[in-house]
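Structural description and commentary
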Amino acid sequence: MERKAFDYAPATVADCVAAAERFAAAGNDWHNHVLKPDCLLNPHPGLYGLVIENTTTGEILAYFDKINPIAEEKYIVELRHGKNITQSAGSDGGDAAKTAEPALLGHARALTDEGADWHHHMLMPGCIFNPNPGRYTITLEKSGGGAVLDSHISDDEPDAVLREVEHLFFTKEGVG
Ligand SMILES: [Zn+2]
Ligand SMILES: [Zn+2]
């Protein structure tokens, strides 16, 4: 996976939030990307990025600036996947999501435990960044690592895995 330029409509964080709400209300197939300043997918290294991608209409909006819109990102992720997505299944006595923990999740936990800065990407089947079109891909990057550290690829939407990863991520980011 390499940094690549892509076409998008420049947007403010408020524009991104409004677009996400509009796409959700319209029932469109859409998703977002959190692009850290050193993210391999970020076409503007050094800036924080927030991308809203509508695979129904082909619209892509993107914010790039120095301010980290982490709270809005959490809101948008919850809008897309449901409020539970940022809560560990273990925290609400949910199902046995951890019984067959995939390697990527263990990897993310290990990075968190060692205090490393990391982030992930949920790449939907129609996503412009997905190296496995038609399938779901979750990638894990360690800050400054220069390469994707791990990938979890599946045919079904990996809700249980994503939920644990999002929980770890937003907790680490201080908005868990
Ligand atoms: Zn990244
Ligand atoms: Zn995408």
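Residues numbered from 1 in each chain as written. Chains lettered and ligands numbered in written order. Predicted model: local features only at pLDDT ≥ 70, side-chain atom pairs only at ≥ 80, totals over all residues.

**Comments concerning the overall build of the protein chain**
For the protein chain, the helix and strand inventory stands at 4 helices and 7 strands. Shown N-terminal to C-terminal, the secondary structure of the protein chain runs as helices and strands in the order β-α-β-β-β-α-α-β-β-β-α. Expected size for 176 residues packed as a compact globule is a radius of gyration near 16 Å; at 15 Å, the protein chain falls within 12% of this value. Projected onto its principal axes, the C-alpha positions of the protein chain cover 40 × 35 × 30 Å. For the protein chain, with 176 residues in total, the buried portion stands at 31%. The long-range fraction of contacts in the protein chain, counting pairs at least 24 apart against all pairs at least 6 apart in sequence, stands at 56%. (Helix = DSSP H or I, 4+ residues; strand = E, 2+ residues; numbered from the N terminus. Rg over C-alpha atoms; globule rule 2.2 N^0.38 Å. Buried ≥ 20, exposed ≤ 12 C-beta atoms within 10 Å, placed from the backbone. Contact = placed C-beta atoms within 7 Å.)

**Observations regarding the environment of Val 165**
If you trace the backbone, Val 165 turns up in helix 4 (residues 159-172). The spacing of Val 165 and Tyr 63 is 102 residues in sequence and 23 Å in space, taken between C-alpha atoms. Not counting chain neighbours up to four residues away, the residues in contact with Val 165 comprise Leu 105, Ala 108, His 120 and Ile 138.

**Examining the sheet that holds strand 2 (residues 30-35)**
Judged by pairing direction, the sheet is mixed, and its 4 strands sit side by side in the order 1-4-3-2 without closing on themselves. Edge positions in the open sheet fall to strand 1 (9-10) and strand 2, since each of these has one partner strand only. In this structure, strand 1 lies alongside strand 4 (residues 60-65), joined through 2 bridges in parallel fashion. When the bridges of strand 4 are listed, Ala 9 appears paired with Leu 61. Contacting strand 2, strand 3 (48-54) and strand 4, helix 1 (residues 13-26) runs over the sheet at an angle of about 25 degrees to strand 3. Most of the contacts of helix 2 (residues 70-81) go to strand 2, to which it runs at about 150 degrees, and overall it touches strand 2 and strand 3. (Pairing = 2+ DSSP bridges. Axes fitted to C-alpha atoms, helices over the stretch in contact; angles between N-to-C directions.)

**Examining the nonpolar core**
Core analysis: the largest hydrophobic core is formed by 34 residues, its most contacted members being Cys 16, Ala 20, Ile 52, Ala 108 and Val 165. Ranked by the residues each element gives to this core, the list is headed by helix 4, at 6 residues. Discounting residues that sit within four places of it in the chain, Ala 108 has contacts with Trp 118, His 120, Leu 140, Val 165 and Leu 168. (Core = buried A, V, L, I, M, F, W, Y, C linked by C-beta atoms within 7 Å.)

**Examining helix 4**
Taking 1.5 Å of rise per residue, 14 residues should cover 20 Å, and helix 4 covers 20 Å from first to last C-alpha, within 8% of that figure. Among all positions of helix 4, only Val 161, Leu 162, Arg 163, Glu 164, Val 165, Glu 166, Leu 168, Phe 169 and Phe 170 are buried. Taken together, the buried residues of helix 4 touch helix 2, helix 3 (103-113), strand 5 (118-123), strand 6 (136-142) and strand 7 (148-154). Backbone geometry just after helix 4 places Gly 174 at a positive phi near 90 degrees. (Expected span 1.5 Å × (residues − 1).)

**Here we look at the pairing of strand 7**
As judged from the 6 bridges shared by strand 6 and strand 7, these two strands associate in the antiparallel manner. Counterpart to Leu 140 in the pairing with strand 7 is Asp 150. Once strand 6 ends, the chain turns through 5 residues before running back antiparallel as strand 7, passing Gly 144 with a positive phi of about 75 degrees.

None of the figures reported here should be taken as evidence of function without further support.
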